[in-house]
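Per-entry structural report
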Amino acid sequence: MAIYDLIVIGGGAAGLTSAISAREAGIENILVIEREDNLGGVLNQCIHNGFGDENTTGPEYADKLKNKAMNMKISYKVNTTVIDVDNKMNVTAVNESDGILEVSAKAIIFAVGCREKTNSGIYFHKSHCCGIFSALTAQKFINIEGYMPGNNVVILGSEDIALILARRMTIEGAKVKAVIEKGTKCIGSKKNETECLADFNIPFFTKHVITKIKSNGRIEGVYVASLNGDNKIIKETEKLIECDTLILALGFVPENELMIKANVSVSRVSGSPYVDENLKTNVDGIFACGNVIHQHDYVKSVYDEAYKAGKNAARFILQA
Ligand SMILES: Cc1cc2nc3c(=O)[nH]c(=O)nc-3n(C[C@H](O)[C@H](O)[C@H](O)COP(=O)(O)OP(=O)(O)OC[C@H]3O[C@@H](n4cnc5c(N)ncnc54)[C@H](O)[C@@H]3O)c2cc1C
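Residues numbered from 1 in each chain as written. Predicted model: local features only at pLDDT ≥ 70, side-chain atom pairs only at ≥ 80, totals over all residues. Heavy atoms only, no water.

Under an unreviewed UniProt entry, the name given to the protein is NAD(P)/FAD-dependent oxidoreductase, and the source organism is Clostridium neuense.

**Some thoughts on the side chain of T92**
This is how it is decided: Helix and strand assignments come from DSSP, with helices taken as H or I runs of at least 4 residues and strands as E runs of at least 2, each series counted from the N terminus. Burial classes follow relative accessibility: with a 1.4 Å probe on protein chains only, a residue under 20% of its type's maximum area counts as buried, one over 50% as exposed, and anything between as partly exposed. Note on contacts: a residue pair is in contact if any heavy atoms of the two residues lie within 4.5 Å.
Along the chain, the position of T92 falls in strand β5 (residues 90-95). We classify T92 as buried; its relative accessible area is 15%. Residue contacts for T92: discarding those within four places in its chain leaves T81, V82, I83, D84, I100, L101 and E102.

**Concerning the pattern of salt bridges**
Selection criterion: A pairing counts as a salt bridge when a side-chain nitrogen of Lys or Arg comes within 4 Å of a carboxyl oxygen of Asp or Glu.
Applying the stated rule across the entire model yields 16 salt bridges. Residue R35 is joined to E255 by a salt bridge in which the shortest nitrogen-to-oxygen separation is 3.1 Å. Here E255 lies in the loop between β16 (252-254) and α6 (257-261) and R35 lies in the loop between β2 (30-33) and α2 (58-71), a separation of 220 residues in the sequence. E255 sits in the buried class, given a relative accessible area of 13%. K77 is paired through a salt bridge with D98; the nearest N and O atoms lie 3.2 Å apart. You can see K77 sitting in strand β3 (residues 75-77) and its partner D98 sitting in the loop between β5 and β6 (99-110), a full 21 residues away along the chain. With relative accessibility at 24%, the residue K77 sits in the partly exposed group. Taken together, the salt bridges that share partners define one network made up of R35, R115, E255 and E257.

**Observations regarding the nonpolar core**
Heads up, the condition is: Nonpolar cores were defined as sets of buried Ala, Val, Leu, Ile, Met, Phe, Trp, Tyr and Cys residues, with membership established by side-chain atoms within 4.5 Å.
In terms of nonpolar packing, the biggest core is built from 58 residues, with L6, I7, V85, I108 and F110 touching the most fellow members. With sequence-adjacent residues up to four places away left out, L6 is seen in contact with A22, I27, N29, I30, L31, A105, A107, I108, I109, A313 and I317. Counting 24 residues, the second largest nonpolar core, distinct from the first, contains L136, A174, C196 and A249.

**As for the pairing of strand β4 (residues 81-85)**
Put simply, the rule is: Strands are treated as partners if at least two bridges between them are detected by DSSP.
Pairing of β4 with β5 involves four bridges; the strand directions are antiparallel. Note on β5: the bridge partner recorded for T81 is V94. What sits between β4 and β5 in their antiparallel hairpin is a turn of four residues, with M89 showing a positive phi close to 70 degrees.

**With respect to the packing of aromatic side chains**
To keep it simple, the criterion reads: What counts as a ring pair is set by centres within 6.5 Å for rings of Phe, Tyr and Trp (its six-membered ring), and what kind of pair is set by the plane angle: stacked under 30 degrees, edge-to-face over 60, tilted for all other angles. We count a charge as sitting over a ring when the NZ of a lysine or the CZ of an arginine lies within 6 Å of the ring centre and within 35 degrees of the ring normal.
Under the definition given, this model contains four aromatic pairs. Ring centres of F287 and F316 lie 6.2 Å apart, and the angle between their planes is 70 degrees; on these two criteria the pair is classed as edge-to-face. Here F287, found in strand β17 (residues 286-288), pairs with F316, found in helix α7 (residues 299-319); they are 29 residues apart in sequence, far enough to count as distant. The exposure class of F316 is partly exposed, given its relative accessible area of 24%. Connected via pairs of aromatic rings, a cluster forms that spans F133, F141 and Y147. Over the face of the ring belonging to Y223 we find K212, whose NZ or CZ atom lies 4.5 Å from the ring centre.

**Description of the sheet that holds strand β12 (residues 208-216)**
What counts is decided by this rule: Every angle, taken between N-to-C directions, lies between 0 and 180 degrees, and every axis is a line fitted to C-alpha atoms, over only the stretch in contact when it is a helix.
With antiparallel pairing, the three strands of this open sheet are ordered in space as β12-β13-β14. Looking at the sheet topology across the chains shown, the edges are occupied by β12 and β14 (239-242). Recorded for the sheet is a direction-independent mean angle of 30 degrees between the axes of neighbouring strands. One ladder, built from eight bridges, connects β12 with strand β13 (residues 218-226); its direction is antiparallel. From the neighbouring strand, I213 faces β13, where its bridge partner is V222.

**Comments concerning the site of the ligand**
Selection criterion: Whether a residue is near a molecule or strand is decided by its heavy atoms; if any one of them lies within 4 Å of it, the residue is near. Counting of polar contacts relies on pairs of N or O atoms within 3.5 Å, with two restrictions inside protein: one atom must be capable of donating a hydrogen and the other of accepting it, and residues adjacent in sequence are counted only when both atoms are side-chain atoms. The Shrake-Rupley method, run with a 1.4 Å probe, gives the accessible areas here. Residue values count only the displayed protein chains as cover. Asp, Glu, Lys and Arg are counted as charged, while Ala, Val, Leu, Ile, Met, Phe, Trp, Tyr, Cys and Pro are counted as nonpolar; the rest, among them Gly, fall into the polar class.
Residues in close proximity to the ligand total 30 residues, the closest being E34, V42, G50, N291 and V299. A13 has a polar backbone atom sitting 3.2 Å from an oxygen atom of the ligand. Backbone polar atom of V82 to a nitrogen atom of the ligand: 3.0 Å apart, as the coordinates give it. Relative to its unbound accessible surface of 1000 Å², the ligand loses 91% to contact with the protein. Contributing elements (two or more residues each) for the shell around the ligand: α1 (13-24), β4 and α7. Of the residues belonging to the shell around the ligand, the class tally is 15 nonpolar, 11 polar and four charged.

**Quick notes on the domain arrangement of the protein**
Basically, it comes down to this: Here the limits of each domain have been adopted from an automatic or database domain assignment. As used here, buried area is the combined drop in accessible area, with a 1.4 Å probe, of two parts when they are placed together.
Partitioning the protein into domains gives domain 1 (2-115 + 252-319) and domain 2 (118-248). The C-alpha centroid of domain 2 is placed 32 Å from the C-alpha centroid of domain 1. Taken together, the contact between domain 1 and domain 2 spans 10 residues of the former and 11 residues of the latter. For the pairing of domain 1 and domain 2, the buried interface totals around 880 Å² over both sides, and the portion due to carbon and sulfur atoms is 54%.

Below, the structure is given as structure tokens:
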């Protein structure tokens with residue numbers, strides 16, 4: 001079994017930054033493991049600007065980190081999914097060339113990010129049909145794979161990803177018929193509300209919910225209704241919006257299953273791992289950073305946190 005000083009699980013902004021920081025602090029023997037075919041994580045599909053500065057897009061920011069890690073000769077494996085970690089720092093992963101890969105380390109940094117909530121949490125009647133996508137899946141189809149998920153679109157949720165996607169799909173020729181938010185105001189930034197919705201005349205409905213889906217194999221429309229002051233559906237307001245695509249932007253949950261296997265304590269409320277001021281979990285030698293801890297709106301804060309995690313993991317390894 002190959003033994004590393006440090007294994008970083010996840011090759012997004014947090015994983016790459018923490019590996020760079022650990023190398024700068026003197027750790028030579030580092031392995032970054034990433035399940036996608038490219039390092040960079042969610043940055044790769046965020047082609048809008050505003051990453052680190054006003055002019056830099058997500059892929060450009062990812063390239064800067066990747067180039068820096070490559071120049072430092074940090075080892076990495078892509079297309080490799082970690083499937084198990086124990087609290088003795090043994091990591092099991094799978095990929096095509098190695099089959100089952102078993103490695104271990106003196107310290108591990110979890111930089112596995114978060115995943116989207118799906119419609120299992122919101123109980124639509126007749127929701128088992130084609131044409132319903134989570135927001136990041138739709139964005140990946142458009143920005144990386146080059147496919148449009150559909151032509152007539154309704155988006156549920158008003159986080160920044162929902163607003164950015166509404167604009168993106170409009171630019172690509174789709175008709176975004178509505179963005180639906182159950183709260184009283186937009187959850188995303190004021191800037192995105194203006195630049196992504198208002199500037200493109202995309203209808204935005206607050207205090208509204210989807211009550212049911214119309215489908216015939218593929219989604220044909222959504223019924224929406226407004227909510228009263230007690231958040232109860234006002235039945236008389238229910239109306240059909242015809243669409244062939246529904247995008248769910250319902251927020252994120254941390255990818256915590258592997259951490260739980262490694263005996264890391266996670267919050268019962270948010271699912272996030274508990275970390276101290278050094279980004280160390282309750283398990284000696286296991287650190288965490290980035291969106292697995294909480295959803296960061298800005299990559300700069302991921303960078304700062306991951307840099308600290310890498311430095312502290314390095315200190316732990318050097319003192320061992
Ligand atoms: C839609 C969107 C728009 C944003 N817009 C901006 C913006 O305009 N400006 C800005 O500054 N910031 C923005 N951000 C925030 C910032 O880009 C992200 O918070 C940051 O990139 C997250 O980095 P991360 O490494 O924590 O997570 P991720 O990028 O999600 O990386 C986690 C990685 O771990 C890998 N992984 C997970 N599980 C495993 C496993 N078992 N085995 C191997 N690998 C695994 C995943 O494949 C992934 O590559 C945006 C974020 C999103 C989602």
